[in-house]
Amino acid sequence: PVVPFTPATYPFCLKYPYCKEIIMLSQRWNPKHKQVILDMDMLYHTKERNAFCREWRERNGDNGEDLYAVHQPLRWKLREEKIIGPKGPTGTDYLAYLGREGKA
């Protein structure tokens, strides 16, 4: 299957705060990750998706309460607990996870 993506370059992504945040979060899984996937365009393999979601919850809390506060405490505090970014896992995170696991 083919999944469309946007390259994580300045003109296509990095100049937009939300997109930049998605890439920063995905690079926690795989520091070399450089593609943004729209969630609705991503294809998920059930077994791999479940493993990813399990690890995501372990890292970030069941409801994402630790997504920013634990992993980026100074940045979180400086921005008065307001970061423009996703509140949960994304297709981009999932693809970075698959890359880290050697399955992308």
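Relevant structure appears above.
In this report, the structure presented in the accompanying data block is examined. The structure presented is a predicted model; accordingly, all values stated were derived computationally and were not measured. (Residues numbered from 1 in each chain as written. Predicted model: local features only at pLDDT ≥ 70, side-chain atom pairs only at ≥ 80, totals over all residues. Heavy atoms only, no water.)

Turning our attention to the packing of helix α3 (residues 46-60) against helix α5 (residues 91-100). The contact between α3 and α5 brings their axes to 10 Å, and the two run at 105°. In terms of axis orientation, α3 runs roughly perpendicular to α5. Residues Glu-48, Arg-49, Ala-51, Phe-52, Glu-55, Trp-56 and Arg-59 of α3 lie in contact with α5, whose contacting residues are Asp-93, Tyr-94, Tyr-97, Leu-98 and Arg-100. Residue classes in the contact of α3 with α5 are distributed as six nonpolar, no polar and six charged. (Axes fitted to C-alpha atoms, helices over the stretch in contact; angles between N-to-C directions. Helix = DSSP H or I, 4+ residues; strand = E, 2+ residues; numbered from the N terminus. Parallel < 35°, antiparallel > 145°, perpendicular 65-115°, else oblique. Contact = heavy atoms within 4.5 Å. Nonpolar A, V, L, I, M, F, W, Y, C, P; charged D, E, K, R; others polar.)

Moving on, we get to the side chain of Thr-90. Among the structural elements, Thr-90 can be located in the loop between α4 (73-78) and α5. Those residues in contact with Thr-90, other than ones at most four positions away along the chain, are Ile-22, Asp-39 and Phe-52.

Further remarks concern the nonpolar core. Trp-29, Met-42 and Phe-52 are the most contacted members of the largest nonpolar core, which totals 14 residues. Elements that contribute at least two residues to this core include exactly α3 and α5. Here the element with the most residues in this core is α5; it accounts for five residues. (Core = buried A, V, L, I, M, F, W, Y, C linked by side-chain atoms within 4.5 Å. Buried < 20%, exposed > 50% of the residue type's maximum accessible area, 1.4 Å probe, protein only.)

Taken as a whole, the largest pocket holds about 150 Å³ of empty space. As for the largest pocket, its lining consists of Pro-1, Val-3, Phe-5, Gln-35, Ile-37, Met-42, Leu-43, Leu-95, Leu-98, Lys-103 and Ala-104. Its residues placed into classes, the lining of the largest pocket shows nine nonpolar, one polar and one charged. (1 Å grid on protein atoms, 1.4 Å probe; cavity = no way out; pocket = protein on both sides within 12 Å on 5 of 7 lines; lining within 4 Å. Points joined across faces, edges and corners; volume = space filled by probe spheres on them.)

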